[in-house]
Structure formats: structure tokens, C-alpha cells
Amino acid sequence: MIKIHIVLGDITALDCDCIVNAANPTLLGGGGVDGAIHAAAGKGLLEECRTLGGCRTGEAKITGGYALKAKYVIHTVGPVYGRTTRDKELLADCYVHSLDLAKAKGIRSIAFPAISTGVYGYPAREAAEIAVRSVREWSRRNKEYDLTVIFCCFDENTFRIYHRLECGAAGEDV
Ligand code: AR6
């Protein structure tokens, strides 16, 4: 069973097993949440990322968390909004592949930023709908697996959007 939480704040400060990075295909760092995660994790993260050979849009790769509280970082690459007609599918893939990887590693708590909604330009509400739907569908296919999913919103607008999707601030079992 999955429990969903919505929080407002900086994902690098969260105390959970794993945080997800909205990376780019090089996996070698960037701005936004990617820059914040690399800055907080320290140089070891970049060194490990250099060994991964990049990551395709919609896929996910895992590293250690280094100086972060989180033991792992899952790096996924969201779609640049409007670049292909497969935006929705690729964004959903980011959530599904991250969750598959988390399960394979025995991770019990995972925090997602609002992937693609910054530099990559995805409209916040559409992206949130895809995020919530993807997590719920994954949860139905993985009923036996207990996992806490945190949607970490960096701004109040995004936080309100997730709330309106009725995920429940106090946690929702799905
Ligand atoms: N904690 C949680 N969320 C954050 C944080 C943080 N510390 N910082 C920003 N956000 P973005 P993208 C939110 O641009 O759109 C990078 O350069 C932010 O407000 O980080 O997937 C990569 O290297 C927004 O809601 O990622 C890629 O080149 C969300 O995280 C590119 O940006 C995603 O914004 C990826 O673009």
C-alpha cells in the first residue's frame, strides 16, 4: 500500500530513504532542483553520476545520497514541454520508472519534486495530475509493497494544486 504526503519546502532537507532529482540527460548537474541536490550532496554525487553514461527522457537511474539525509537519489529526466507529442507519456514514465527502481532497492519512502515544471516548462496543474495518476496506478499494480510517497512542492501554487487533487495533507492510503 502507498501513503501519499504533500509537503511545501526544499527536497534536499527531507529525511526519507530517497529523493528524486529532475535531471537532464547528461546527469552532470544543472540549475533548479538538480543544482540544489548536487550542492547539498557534495562532489561524490557528481563523481558517481559521471559513471552512469547519462539518462534518456522518461528513464531513471539511482545513486547514493552522499551528504544528504536521503540514502539514495533517483535521477530522472522529464520531457521539455511541447518538444514531442509524447509529453504526457514521458512524464508518467519518470514517476513509474523511479518507483520501480525504488521498489527494486527496497526503498520505503521517496520524495518527488514537480518534475519538468521549472526550466522544462510543463504547466504545473497538468504535470501534477500526471504525477498523482501515475503514482496511484503504480500503487494499484504493486499493492503488496508499502511505500510512502512525498510530493515535495517548492512553491505555494504547486502545493495548492496538489491539495486540490485531494491527496490529503495528512496522508492518504491508496
Ligand atoms: N526542492 C524542491 N523542489 C524544487 C527545488 C528544491 N530545492 N528547487 C526547485 N524546485 P526544475 P525541470 C522545483 O527547473 O523543469 C535543471 O537545470 C521547481 O520550483 O528544477 O524538470 C536540470 O539540469 C519546479 O517546480 O526541473 C535540467 O536541465 C520543479 O522543482 C532542467 O533543470 C522542477 O523544476 C530540468 O527542468
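Residues numbered from 1 in each chain as written. Predicted model: local features only at pLDDT ≥ 70, side-chain atom pairs only at ≥ 80, totals over all residues. Heavy atoms only, no water.

Visitor: Can you walk me through the side chain of D87 in this structure?
Guide: Counting through the fold element by element, D87 comes out in helix α3 (residues 87-104). Despite its burial, D87 remains without a salt bridge, the nearest opposite charge being carried by R83 at 8.2 Å. With near-sequence residues (within four places) excluded, D87 lies in contact with P79, V80, Y81, G82 and Y122. (Helix = DSSP H or I, 4+ residues; strand = E, 2+ residues; numbered from the N terminus. Buried < 20%, exposed > 50% of the residue type's maximum accessible area, 1.4 Å probe, protein only. Lys, Arg positive; Asp, Glu negative; His and termini not counted. Salt bridge = Lys/Arg side-chain N within 4 Å of Asp/Glu carboxyl O. Contact = heavy atoms within 4.5 Å.)

Visitor: Honestly, the site of the ligand in this entry has me stumped. Any pointers?
Guide: Taken together, 20 residues lie around the ligand, and D10, N24, G31, V33 and D34 are the ones closest in. Backbone polar atom of V33 to an oxygen atom of the ligand: 2.8 Å apart, as the coordinates give it. Here the ligand, which alone exposes 700 Å², has 90% of that area covered by the protein. Contributing elements (two or more residues each) for the shell around the ligand: β2 (18-23) and α1 (32-41). In terms of residue count, the dominant contributor to the shell around the ligand is α1 (four residues). (Near = heavy atom within 4 Å. Polar contact = N/O pair within 3.5 Å; in protein donor to acceptor, adjacent residues only side chain to side chain. Areas by Shrake-Rupley, 256 points an atom, 1.4 Å probe, with all protein chains shown as cover.)

Visitor: Would you mind going over α3 with me for this structure?
Guide: Note that an α-helix has 3.6 residues per turn; residues three or four places apart therefore point the same way. Counted at 1.5 Å a residue, the expected span for α3 with its 18 residues is 26 Å, and the 26 Å between its end C-alpha atoms agrees. Of the positions making up α3, those classed as buried are D87, L90, L91, A92, C94, Y95, V96, S98, L99 and A102. Following α3 by one or two positions, G106 adopts a phi angle in the positive range, close to 75 degrees. (Expected span 1.5 Å × (residues − 1).)

Visitor: Can you help me understand helix α4 (residues 124-141) in this one?
Guide: For α4, which comprises 18 residues, the first-to-last C-alpha distance of 26 Å matches the rise-based estimate of 26 Å (1.5 Å per residue) to within 8%. The inward-facing, buried residues of α4 abut β1 (2-8), α3, β6 (147-153) and α5 (156-164).

Visitor: Is there a simple way to think about the pattern of salt bridges in this case?
Guide: Opposite charge on two side chains lets them pair, provided their charged atoms get close. In this structure the tally under the stated criterion is four salt bridges. Residue E89 pairs with R86 through a salt bridge whose shortest N-O separation is 3.2 Å. Taking the relative accessible area as the measure of exposure, E89 reaches 43% and is therefore partly exposed.

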